[in-house]
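If you want the building blocks of each chain, they are given just below.
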Amino acid sequence: MLFGSFARAADHFQELQFTVDGVLRTALVYAPPSAKTNATPLVFVFHGHGGSARQAARGFHIDREWPEAISVYMQGLNTVGQLTDPQGLRSGWQAAVDNDGNRDLKFFDAVLARMKQDYNVATNRIYATGHSNGGGFTYLLWHARGNVFAAVAPSSAVAKYANQLTPKPVMHLAGASDPLVKFAWQKVMMEKLRKINGCADTGEVWDKDCTLYPSPGGTPVVTFIHPGGHEFDPAAPALIVKFFKEHPGENRN
């Protein structure tokens, strides 16, 4: 059973509350006043392992970079980590289809349905981004709910099921000195993305520290490789929004 209701948060966000399979789930939602009437882009944002929706809102601040869009910062549950936290004492996201009873995929489905109910969502302009474990869940959404999204932007993450992904515009963000999700792993992931999307082997400058690999099929790969480690780079939010704005999907309204 699942149902939802809104409670007013302390700032310009609303806290969306759902009961999914008997468990209370929450997300912070920003929507511009025009979202009730005008077709509006929708961006889902997923925090890293041990993080929170509030931290993701501060770090990604999609609501500030793209105030004309609806942005949703979802809150994970305690989850066994893939690289840390083997006891699952900190918040995170399921790592594969059918893990944890698909609790997070069900949560996503419920939030998406509510957004479409409450707002005039531009269904050709729905996007997802996230960092670390949240980036992994972004990849999982591409795999399991790929027809929903016009483009995705995972940060500091890899996907074991990468070969099962279907072509889609993607921006991958990585730290060249990442000690956790090692850059060597992410480099292999980016090579797989270019192959999946049918991209050129050589790229061109797209922005600072960013390379665009064009695709004849309209599914390019952009890589943002910053010199840091596993942290989410401060330049990332504006670049993610720039990428999303360049990639509206097919009109489904």
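Everything here concerns the structure above.
Residues numbered from 1 in each chain as written. Predicted model: local features only at pLDDT ≥ 70, side-chain atom pairs only at ≥ 80, totals over all residues. Heavy atoms only, no water.

## Remarks on the overall build of the protein
Step number 1: When helices and strands are counted, the protein shows six helices and 13 strands.
Step number 2: Taken against the 2.2 N^0.38 rule, which gives 18 Å for 253 residues, the C-alpha radius of gyration of the protein at 17 Å falls within 12% of a compact globule.
Step number 3: Over its C-alpha atoms, taken along the principal directions, the protein stretches across nearly 50 × 45 × 30 Å.
Step number 4: Taken over 253 residues, the protein has a buried fraction of 57%.
Step number 5: Look at the contacts in the protein between residues 6 or more apart in sequence, and 61% of them connect residues 24 or more apart.
Step number 6: Accessible surface for the protein amounts to roughly 10900 Å². Of this, 52% is attributable to carbon and sulfur atoms.
Step number 7: Taking the average place of the 24 positive charges on the side chains of the protein and the average place of its 22 negative ones, the gap between the two points comes to 3 Å. (Helix = DSSP H or I, 4+ residues; strand = E, 2+ residues; numbered from the N terminus. Rg over C-alpha atoms; globule rule 2.2 N^0.38 Å. Buried < 20%, exposed > 50% of the residue type's maximum accessible area, 1.4 Å probe, protein only. Contact = heavy atoms within 4.5 Å. Areas by Shrake-Rupley, 256 points an atom, 1.4 Å probe, with all protein chains shown as cover. Lys, Arg positive; Asp, Glu negative; His and termini not counted. Charge placed at Lys NZ, Arg CZ, Asp CG, Glu CD.)

## Some thoughts on the state of the cysteines
Step number 1: Counted according to the given criterion, the structure contains zero disulfides.
Step number 2: Cys210 provides the cysteine sulfur closest to Cys199, a residue in no disulfide bond, and the two sulfurs are 15 Å apart.
Step number 3: When its relative accessible area of 12% is taken as the criterion, Cys199 is described as buried.
Step number 4: Owing to a relative accessible area of 3%, Cys210 belongs among the buried residues under this scheme. (Disulfide = S-S within 2.5 Å.)

## Considering a nonpolar patch on the surface
Step number 1: Taken together, the side chains of Leu83, Val158 and Trp185 present a nonpolar region at the surface, about 260 Å² in accessible area.
Step number 2: By the secondary structure assignment, Trp185 is in helix 5 (residues 183-196). (Patch = residues over 30% accessible without salt bridge, like charges linked within 9 Å, V, L, I, M, F, W, Y side chains within 5 Å. Salt bridge = Lys/Arg side-chain N within 4 Å of Asp/Glu carboxyl O.)

## Digging into the side chain of His230
Step number 1: Considering the arrangement of structural elements, one finds His230 in the loop between strand 13 (221-226) and helix 6 (236-245).
Step number 2: A distance of 2.8 Å separates polar atoms of two side chains, one belonging to His230 and the other to Asp178.
Step number 3: Contact partners of His230, with chain neighbours within four places excluded, come to His131, Ser132, Ser156, Asp178, Pro179, Leu180 and Val181. (Polar contact = N/O pair within 3.5 Å; in protein donor to acceptor, adjacent residues only side chain to side chain.)

## Quick word on the side chain of Gln75
Step number 1: Of note, Gln75 is situated in the loop between strand 5 (70-74) and strand 6 (77-78).
Step number 2: Polar side-chain contacts of Gln75 include one of 2.8 Å to the backbone nitrogen of Ala53.
Step number 3: Filtering out sequence-adjacent residues up to four positions away, Gln75 remains in contact with Arg25, Thr26, His47, Gly51, Ser52, Ala53, Ser91, Trp93 and Phe107.

## Concerning the pattern of salt bridges
Step number 1: For the coordinates displayed, the defined rule picks out seven salt bridges.
Step number 2: Arg114 is paired through a salt bridge with Asp118; the nearest N and O atoms lie 2.8 Å apart. A residue pair is termed a helical-turn pair when its members lie 3 or 4 positions apart in one helix, as Arg114 and Asp118 do in helix 3 (residues 103-118) at four residues.
Step number 3: Using a relative accessible area of 14% as the deciding quantity, one classes Arg114 as buried.
Step number 4: Among the salt bridges present, the one from Lys208 reaches Asp209, with a minimum N-O distance of 3.3 Å.
Step number 5: For Asp209, a relative accessible area of 35% puts it in the partly exposed group.
Step number 6: Within the structure, one salt-bridge network assembled from shared partners comprises Arg25, Arg103 and Asp104.

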